[in-house]
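What follows is each chain in one-letter form.
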Amino acid sequence: MTSTTAFWLAGRQATGETTFDVTSPWDGRTVGTVSVPTDAQIEDAVSAAHAVREDFAATPAHVRAAALDHVSRRLVERTEEIARLISAENGKPVKWARGEVGRAVSVFRFAAEEARRFNGGEAQRLDTDAGGQGRLAFTRRFPKGVVLGIAPFNFPLNLCAHKIAPAVAAGAPIILKPAPATPLSGLILGELLAETELPAGAWSILPVPNDRMPALVQDERLPVISFTGSETVGYAIMDSVPRKHCTLELGGNGAAVVLADFASDEDLDRAAQRIATFSNYQGGQSCISVQRVIADASVYDRLLPRIVAAVEAQVTGDPNDDATDVGPLVSEAAAQRVESWVDEAVAAGAKLLTGGKRDGASYAPTVLTDVPAEATISCEEVFGPVLTVRKVDGEAEAFAAVNDSKYGLQAGVFTHDLGTAFRAHRALEVGGVVIGDVPSYRADQMPYGGAKQSGVGREGVKFAMDDYTYERVMVLTGLAL
């Protein structure tokens, strides 16, 4: 019988009155049973976070940095255990789950480094005008208040880390809500944080059901909301709390552009392999997975069969097997949605070159061409292992095709030309342009976020810390400067 996993309320373990089961999308087995906080316990967590906010902001940097370093070290020590847990609750192949743990290790390490150097203060002389003579401005950053972090299922450990680590580094209390489908990975972070000397109330991890979130979102004691998830939910949150600070990472439909100068057999083999890998690497359930390939006409006919072959070479199956590249989607409902979008596109005239088959929660890696512009799979984020390939004439048409989307998270441009790289950086309406590779590259310390309907604000440890804090100026008067 599976034991019940407690949640973390103001730094201590707690259990509620009800539970829910977490099941594997691969084989349906129960991975864990999680206790659900009551309304009174949620209130206790919010009250504790609100009460500790000033003391936590004043906590010495070395205390916060030491806690973050501890979590980073413990993640290394428990890598295999946690990777297996991610794979079990999410369906992610274990080799990708190990990579996710490694990234979370880096996030907490980066946060420890930033905690030590963030908010050192900046002096600004004011005697540049006569009225400022004898005055000096000194600026520091202070937390806006308690952060409500809402994490998604697709990176159940690392995206929880991206909520918690910057908040702790900045001295902002945080209440984290992990995704209902994958709460166990986030709750593991509670175990590690509980081993530190962070003050009670500085953090809570609460597996609150989605239908009970509006009250938390509306609570005035939680002035900062950091949300990663769907466009619909993210903007509904922002619209419901117009006076709060919201950071929203809402996804995209990432494009990989292959230009005419990327034309040797070696170039095209590499592009095809990278595209195939990163259209399928989390079952396509990544905001920056490759969904659209936009290929110059001069390379299209040589690139397309390479992409199909590379996609067909992806190993699908049991996520517990180290050889598996592509596991199931997070649920059968998710796979059914992907299936319906592919079927719609094919019925409208798209050509199915490979894949297009569903087995329970698994969907075969799929390649489509000639997809109508109005098809759902052309316009929305598929969040599944599906790739569309399109032919264009020249750089300008390629860049216009990338921008012909309501989303703008990241884009990849396969080119060797430095001038083209800078033109792409200027022309593409996205938060990040990756030259010589797919759009799926993310370094956890860099600013990460999108344009248009891909969201508001930036993640990446230092940049999230900026989002969680504000500048406060002190003017010193009567100084002999």
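Residues numbered from 1 in each chain as written. Predicted model: local features only at pLDDT ≥ 70, side-chain atom pairs only at ≥ 80, totals over all residues. Heavy atoms only, no water.

1. Brief notes about the overall build of the chain
When you go through the chain residue by residue, the secondary structure sums to 15 helices and 25 strands. Expressed along its principal axes, the backbone C-alpha trace of the chain runs to roughly 70 × 70 × 40 Å. The buried share of the chain, reckoned over its 481 residues, is 55%. In the chain, the proportion of contacts linking residues at least 24 apart, taken out of those at least 6 apart, comes to 72%. Entry remark: accessible area of the chain is about 19,100 Å², with carbon and sulfur atoms responsible for 51%. Measuring between centres, the 45 positive side-chain charges of the chain sit 5 Å from its 61 negative side-chain charges. (Helix = DSSP H or I, 4+ residues; strand = E, 2+ residues; numbered from the N terminus. Buried < 20%, exposed > 50% of the residue type's maximum accessible area, 1.4 Å probe, protein only. Contact = heavy atoms within 4.5 Å. Areas by Shrake-Rupley, 256 points an atom, 1.4 Å probe, with all protein chains shown as cover. Lys, Arg positive; Asp, Glu negative; His and termini not counted. Charge placed at Lys NZ, Arg CZ, Asp CG, Glu CD.)

2. Notes on empty space enclosed by the protein
In this structure the tally under the stated criterion is five cavities of 30 Å³ or more. What lines the largest cavity is a set of 13 residues, and nearest its centre among them are Phe 155, Ser 286, Ile 288, Arg 442 and Tyr 448. Volume-wise, the second largest cavity comes out at about 60 Å³. Along the wall of the second largest cavity there are 13 residues; nearest its centre are Asn 253, Gly 254, Gly 408, Leu 409 and Gln 410. Class assignment of the residues belonging to the lining of the second largest cavity gives a composition of six nonpolar, six polar and one charged. (1 Å grid on protein atoms, 1.4 Å probe; cavity = no way out; pocket = protein on both sides within 12 Å on 5 of 7 lines; lining within 4 Å. Points joined across faces, edges and corners; volume = space filled by probe spheres on them. Nonpolar A, V, L, I, M, F, W, Y, C, P; charged D, E, K, R; others polar.)

3. Some words on the side chain of Thr 369
Note on placement: Thr 369 falls in strand S18 (residues 366-369). Ignoring sequence-local partners within four residues, the contact set of Thr 369 consists of Tyr 300, Leu 304, Ala 350, Lys 351, Leu 353 and Val 389.

4. A closer look at a nonpolar patch on the surface
Taken together, Met 474, Leu 476 and Leu 479 make up a surface patch of nonpolar side chains, about 220 Å² in accessible area. Residue placement: Leu 476 occurs in strand S25 (residues 469-477). (Patch = residues over 30% accessible without salt bridge, like charges linked within 9 Å, V, L, I, M, F, W, Y side chains within 5 Å. Salt bridge = Lys/Arg side-chain N within 4 Å of Asp/Glu carboxyl O.)

5. With respect to the layout of surface pockets
Counted as a void, the largest pocket has a volume near 850 Å³. When contributions to the lining of the largest pocket are tallied by element, the ones reaching two or more residues are helix H7 (213-218), strand S11 (224-228), helix H8 (231-240) and helix H11 (332-347). Per element, the largest residue contribution to the lining of the largest pocket is six residues, and it comes from H8. In terms of residue class, the lining of the largest pocket is made up of 20 nonpolar, nine polar and five charged. Empty space within the second largest pocket amounts to approximately 390 Å³. As for the second largest pocket, its lining consists of 18 residues, and the residues nearest its centre are Val 371, Pro 372, Ala 373, Ser 378 and Arg 390. Those elements that provide at least two residues to the lining of the second largest pocket are strand S14 (292-296), helix H12 (376-379) and strand S19 (386-392). With four residues, the top contributor of residues to the lining of the second largest pocket is S19. For the lining of the second largest pocket, the class distribution of residues is ten nonpolar, three polar and five charged.

6. A few points about the nonpolar core
Leu 68, Leu 75, Phe 108, Leu 148, Ile 164 and Leu 189 are the most contacted members of the largest nonpolar core, which has 81 residues in total. Of the residues forming this core, the biggest block, eleven residues, is contributed by helix H4 (residues 94-117). With sequence-adjacent residues up to four places away left out, Phe 108 is seen in contact with Leu 68, Val 71, Ser 72, Leu 75, Ala 161, Ile 164, Ala 165 and Leu 189. Membership of the second largest hydrophobic core comes to 33 residues, among which are Ala 256, Val 258, Leu 304 and Phe 383. (Core = buried A, V, L, I, M, F, W, Y, C linked by side-chain atoms within 4.5 Å.)

7. A short note on the sheet that holds strand S4 (residues 18-23)
Spatially, three strands are ordered S1-S5-S4 in an open sheet, and the strand pairing comes out mixed. Here the strands that pair on one side only, and so sit at the sheet edges, are strand S1 (4-5) and S4. When S4 meets strand S5 (residues 30-36), the two strands line up antiparallel, connected through six bridges. The residue bridging Thr 18 from the neighbouring strand is Val 36, located in S5. (Pairing = 2+ DSSP bridges.)

8. Considering helix H15 (residues 461-468)
Taken together, the buried positions of H15 are Val 461, Ala 464, Met 465, Asp 467 and Tyr 468. Angularly, the buried residues of H15 cover 155 degrees about the axis, an arc narrow enough to put them on a single face. (Arc of directions from axis to C-beta.)

9. What about the packing of H4 against H15?
Where H4 meets H15, the closest approach of the two axes is 9 Å, and the angle between their N-to-C directions is 55 degrees. Put simply, H4 runs oblique to H15. Taken as a pair, H4 and H15 cross one another with a handedness that is right-handed. Where H4 approaches H15, its residues Val 107, Phe 110, Ala 111, Glu 114 and Ala 115 are matched on the opposing element by Val 461, Lys 462 and Met 465. For the contact of H4 with H15, the class distribution of residues is six nonpolar, no polar and two charged. (Axes fitted to C-alpha atoms, helices over the stretch in contact; angles between N-to-C directions. Parallel < 35°, antiparallel > 145°, perpendicular 65-115°, else oblique. Left-handed = near helix turned anticlockwise from the far one by under 90°.)

10. Quick look at the environment of Gln 282
Along the chain, the position of Gln 282 falls in the loop between helix H9 (265-280) and S14. Distance from Gln 282 to Lys 92, taken between C-alpha atoms, is 6.1 Å for residues 190 residues apart in sequence. Contacts of Gln 282, omitting those with residues within four sequence positions, involve Lys 92, Trp 96, Asn 154 and Phe 155. In this structure the side chain of Gln 282 is engaged in a polar contact, spanning 3.0 Å, whose partner is the side chain of Lys 92. (Polar contact = N/O pair within 3.5 Å; in protein donor to acceptor, adjacent residues only side chain to side chain.)

11. Description of the pattern of salt bridges
Under the counting rule described, the total for this entry stands at 34 salt bridges. One salt bridge connects Arg 29 with Asp 27, and the closest N-O pair in it is separated by 3.4 Å. When the shortest N-O distance is used, the salt bridge between Asp 466 and Lys 462 registers 3.3 Å. In this pair, Asp 466 and Lys 462 are both assigned in helix H15, four residues apart and thus about one turn of the helix distant.

12. Side note on the environment of Arg 117
One can find Arg 117 in helix H4. For the pair formed by Arg 117 and Glu 220, sequence separation is 103 residues and the distance between their alpha carbons is 30 Å. Of note is the side chain of Arg 117, whose polar atom sits 3.0 Å from the side chain of Glu 114.

13. Comments concerning the sheet that holds strand S15 (residues 351-354)
Spatial ordering of the open sheet is given by S15-S18-S19-S14-S13-S21-S22, a layout of seven strands whose pairing is mixed. The open sheet is flanked by S15 and strand S22 (432-435), the only strands paired with a single partner. Neighbour to neighbour, the strand axes of the sheet diverge by 25 degrees on average, direction disregarded. Alignment of S15 against S18, held across three bridges, turns out to be antiparallel. Across the sheet, the residue bridging to Thr 354 is Val 367, located in S18.

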